[in-house]
Amino acid sequence: VMSRCPFAAKLATKWGIDYLSASFPDRRPLSGGQGSGDVDNFHVLCSMDKRNRFFSIDPVKNIHGSAYHIREPENVALGDIQTFSDFAKCSRSWTDKHVTLRKTLMRRTLAPSQGEARHGRDDANGKHAGVKDANGSGDAASSSSSWSLREHVAAAMNPRHAMSVTPDLRSSQVERDLLQRVDWSWLYAFLADQGFGSGTELTLRCGAMNALVPCRYSDTDQMTFQVKGKRRMLLINPKHAFQGLYPYPVHHPYDKFSMVDFDDAGDADADGEPDRKQLWPKFEESVRGLEVILRPGDALYIPQYYFVHAQDLDAEVVSLDLDVCKGKRERNQDVVPLQISRLLEERVVQLEGVRQCHHWLSVMAHGEESEWIDTSTVKGHHRIKLVEAVYEEVELNLGKGAVPSCLGSICDRRLQPTPWLNKDFRDPLYLSDKPFYHQDDRTELEKKYPEFFRSKLASEGWNVPANVSTVPIPGYNMPSGEDYRTFDAGGAQRRSQ
């Protein structure tokens, strides 16, 4: 945590919701859906309940009929919000629903230039030889802290190694603020001193009071700069990933989120559903984290694969998230199991499918490959190759004999359907709803004579409709002296007279 970080200090005095509403351009439509073309759309998520949790769902993975299909996601992407001003109006006027916004402001472009062959080629680390990188490496490297602001702005516009403002923000007040009020000199010097690579993406995030982003991780190093409002952040080491956090599978729509509900008090539900201790037994006993409250001007470095549980504490919360390349920094050994898990899940699903991923990883964890693989078939040959690749990957990174424990922890309460995400869903056509049974508490007399039951309901305050009989009954709905066989005709005849 860095207090009084100079990177976005000048933005902290200006960047509020009102200022951003006036600064964002309205000439191009902005959508809450997926970005397309050269316009980087901002994504607005709406929480429909009072829990104010915001899950960024992957629509590509939320396929109807798949093992992980979420029929009714907890959040709704608002595609009808066209401008930042629309978001600001919704954020302030809605009381039962809450919204958050994410918008990419700058991104590193990798378009090759014709002169790259003369300047050199990319080395093994992906850095361009002969061109100054953001961390100061290369043949033309010099102290980045000595650069002038004009040189930093020129570097930010260089498509080969630095970030540039997204096309929809060019010539806007937001672009001028990013180039004039952001301390790029400090950023480049910091990245160089700490051994990072260059920045890849700068994202704006706007939240509201009690907005909660549940525990999740990112596969890139990040830096969060707090611009307005306060935000509570809980950081958890990735070594707890399979020892209590139980991340969703790679092919799940909630990929990178933890399956554990931190807000669950741990008590059994009234409807008989298992509590948190039963679902995630390792969470209570092993998971611990570090908590920090970010205030305007503070910056927080979040290493890759670290889990973050974040909550907004003010009515207006504005922050900037910067993704940075790993650069020369060594890999943290605590992230290895999580990296291996993502790789193995991808390989197994590619060959066997999502529904069989848990089965085959469990087979390899128990060393039962010979019992399940027919080596005389082409499919069996492919499975043998898969088993060899899995063993090689695990033992190369974790050592000999690590396969059973590694694969066992990956499969523990994971890689299976997640029915609790659909337990409150009701099919609009009621084709798959479970029947609802109401206990019959009528007495034998009330069953034999329904009028007694009707009188009982009326005395208890129920609105009982009048019981109109369509059959003439002497003494009930016709005079007792009339003949029921001719009553209708005679009554009709008398009414007509």
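In every chain, residue numbers begin from 1 and rise along the written sequence. With pLDDT at 70 or above as the cut-off, local features in this predicted model cover only qualifying residues; side-chain atom pairs require 80 or more to be listed or tallied, and sums for whole chains, interfaces and linings still use all residues. With hydrogens and water excluded, all non-hydrogen atoms of the structure serve as input to the side-chain values.

A.B. asks: Looking at this structure, how should I read the overall build of the protein chain?
C.D. replies: Tallying secondary structure elements over the protein chain gives 17 helices and twelve strands in all. Only protein chains enter the accessibility calculation, which uses a 1.4 Å probe; a residue whose area is less than 20% of its type maximum is buried, one above 50% is exposed, and one in between is partly exposed. Within the protein chain, the fraction of its 497 residues that count as buried is 43%. The contact criterion used throughout is that any non-hydrogen atoms of two residues lie within 4.5 Å. Relative to all contacts within the protein chain whose residues are 6 or more apart in sequence, the contacts with residues 24 or more apart total 77%. Accessible area of the protein chain: about 26,900 Å², with a carbon and sulfur share of 51%. Numbering of helices and strands starts at the N terminus; helices are DSSP runs of H or I of at least 4 residues and strands are runs of E of at least 2. Note on areas: these come from Shrake-Rupley sampling with a 1.4 Å probe, and a residue is covered only by the protein chains present in the view.

A.B. asks: Where do I start with the sheet that holds strand β8 (residues 231-236) in this structure?
C.D. replies: Backbone-to-backbone hydrogen bonds join strands into a sheet, with any given pair of strands oriented parallel or antiparallel. Read from one edge to the other, the open sheet built from four strands follows the order β6-β11-β8-β9, with strand pairing classed as antiparallel. With one partner strand each, in any of the chains shown, β6 (212-216) and β9 (289-294) form the two edges of the open sheet. Across the sheet, the axes of successive neighbouring strands diverge by a mean angle of 15°, strand direction being ignored. Paired strands, as defined in this entry, are two strands with at least two bridges between them according to DSSP. Strand direction decides the pairing type here: β8 and β9, joined by six bridges, are antiparallel. Counted as the bridge partner of Ile236 is Gly289 from β9. Note on definitions: angles span 0 to 180 degrees between N-to-C directions of axes, and those axes are lines fitted to C-alpha atoms, for helices only across the stretch in contact.

A.B. asks: For this particular structure, what's the right way to read the pattern of salt bridges?
C.D. replies: Side chains that differ in charge, positive against negative, can pair when their charged atoms come close. Whenever Lys or Arg places a side-chain nitrogen within 4 Å of a carboxyl oxygen from Asp or Glu, that contact is recorded as a salt bridge. A complete count under the given rule lists 23 salt bridges for this structure. Arg53 is paired through a salt bridge with Glu74; the nearest N and O atoms lie 2.8 Å apart. Highlighted residues: Arg53 in the loop between β1 (43-47) and β2 (75-77) and Glu74 in the loop between β1 and β2, separated in sequence by 21 residues. Where Asp177 meets Arg181, a salt bridge forms, and the shortest distance between an N and an O atom there is 3.6 Å. Look at Asp177 and you get buried, because its relative accessible area is 2%. Owing to a relative accessible area of 28%, Arg181 belongs among the partly exposed residues under this scheme. Residues joined by salt bridges that share partners form a network here, namely Asp18, Arg92 and Glu316.

A.B. asks: What exactly am I supposed to notice about the packing of aromatic side chains here?
C.D. replies: Aromatic rings in a pair are described by how distant their centres are and how their planes are angled relative to each other. Only Phe, Tyr and Trp rings are paired, with Trp represented by its six-membered ring, and only when their centres lie within 6.5 Å; those with planes under 30 degrees apart are stacked, over 60 edge-to-face, the remainder tilted. The final tally for this structure, using the stated rule, is 18 aromatic pairs. Plain terms: the ring middles of Tyr246 and Trp280 are 5.2 Å apart, the flat faces sit at 40° to each other, and that makes the pair tilted. Here the residue Tyr246 occupies a position in the loop between α7 (241-245) and α8 (276-279), and Trp280 occupies one in the loop between α8 and α9 (281-286), the gap between them amounting to 34 residues. Tyr246 sits in the buried class, given a relative accessible area of 1%. The class of Trp280 is buried, set by a relative accessible area of 5%. Three or more aromatic residues link up through ring pairs in this structure, and these residues are Phe7, Trp184, Tyr188 and Phe225. One cation-aromatic arrangement involves Lys97 over Trp94; the distance from NZ or CZ to the ring centre is 4.5 Å. Across from the ring centre of Phe257, 5.0 Å away, lies the NZ or CZ of Arg216, which sits over that ring. Counting as a charge over the ring demands two things of the Lys NZ or Arg CZ atom: a distance within 6 Å of the ring centre and an angle within 35 degrees of the ring normal.

A.B. asks: I would appreciate a short explanation of helix α14 (residues 403-411) in the present structure.
C.D. replies: Along an α-helix, a turn takes 3.6 residues, which lines up residues three or four apart on a common side. When we look at burial in α14, the residues that qualify are Val403, Cys406, Leu407, Ser409, Ile410 and Cys411. Positive phi appears at Arg413, one or two residues downstream of α14, with a value of about 60°.

A.B. asks: Is there a simple way to think about the packing of helix α13 (residues 378-398) against α14 in this case?
C.D. replies: Axes are the key here: two packed helices are described by the angle between their axes and the distance separating the axes. Two numbers describe how α13 lies on α14: the axes approach to 10 Å, and their chain directions differ by 105°. Classified by the interaxial angle, the pair formed by α13 and α14 is roughly perpendicular. Counting all contacts with α13, which are made through Val390, Tyr391, Val394, Glu395 and Leu398, the residues of α14 involved are Val403, Cys406 and Leu407. Residue composition of the contact of α13 with α14, by class: seven nonpolar, no polar and one charged. Here is the rule for angles: anything less than 35 degrees is roughly parallel, anything more than 145 is roughly antiparallel, 65 through 115 is roughly perpendicular, and the remaining ranges are oblique. Classification used: nonpolar for Ala, Val, Leu, Ile, Met, Phe, Trp, Tyr, Cys and Pro, charged for Asp, Glu, Lys and Arg, polar for all others including Gly.

A.B. asks: Hey, could you run me through the confidence of the model for the protein chain in this one?
C.D. replies: Regions with low pLDDT carry predicted coordinates that are not meant to be interpreted in detail. The quantity called pLDDT is the predictor's confidence in a given residue, expressed from 0 to 100. Across the protein chain, pLDDT averages 80, with 80% of residues at or above 70. Counting contacts from residues 29-38, a segment whose pLDDT is below 50, to residues more than four positions away or on other chains yields 35 contacts. Below a pLDDT of 50 lies the segment residues 489-497, which in the model reaches three contacts outside its immediate sequence neighbourhood of four places, other chains included.

A.B. asks: Looking at this structure, I do not really get the nonpolar core. What am I missing?
C.D. replies: It is characteristic of soluble globular proteins that their nonpolar side chains tend to be buried jointly. For this analysis, a nonpolar core means a set of buried residues of the types Ala, Val, Leu, Ile, Met, Phe, Trp, Tyr and Cys, connected via side-chain atoms within 4.5 Å. Grouped together as the largest cluster of nonpolar side chains are 47 residues, with contacts concentrated most on Leu245, Phe307, Leu361, Met364, Val394 and Leu407. Contributing elements (two or more residues each) for this core: α7, α10 (336-352), α11 (357-365), α13 and α14. Leaving out residues up to four positions away in the same chain, Met364 has contacts with Val348, Glu369, Val387, Val390, Tyr391, Val403 and Leu407. In this structure, Tyr19, Tyr188, Phe196 and Val318 belong to the second largest nonpolar core, which totals 45 residues.

A.B. asks: Which parts of the structure should I look at to understand the environment of Gln222?
C.D. replies: By the element assignment, Gln222 lies in strand β7 (residues 221-228). When its relative accessible area of 19% is taken as the criterion, Gln222 is described as buried. Linking Gln222 and Gly199, residues 23 residues apart in sequence, is a C-alpha distance of 9.2 Å. Residues within four places of Gln222 in sequence aside, it is in contact with Leu300, Tyr301, Ile302, Leu322 and Asp323. Side-chain polar atoms of Gln222 contact the side chain of Asp323, separated by 3.0 Å. Any pair of nitrogen or oxygen atoms within 3.5 Å is treated as a polar contact; in protein, a donor-acceptor pairing is required on top of that, and neighbouring residues in sequence qualify only through side-chain atoms on both sides.

A.B. asks: Teacher, can you tell me more about helix α6 (residues 184-193) here?
C.D. replies: Of all the ten residues making up α6, seven are buried; the element is thus mostly covered by neighbouring parts of the structure. Turning to α6, its buried residues are Trp184, Ser185, Leu187, Tyr188, Ala189, Phe190 and Leu191. Following α6 by one or two positions, Gly195 adopts a phi angle in the positive range, close to 80°.

A.B. asks: Even after reading the chapter, I still don't get the side chain of Thr224, so can you show me in this structure?
C.D. replies: Tracing the backbone shows Thr224 in strand β7. Within polar-contact distance, the side chain of Thr224 engages the side chain of Asp321 at 3.2 Å. Setting aside anything within four residues of it in sequence, one finds Thr224 in contact with Arg231, Leu294, Asp298, Ala299, Leu300, Ile302, Ser319, Leu320 and Asp321.

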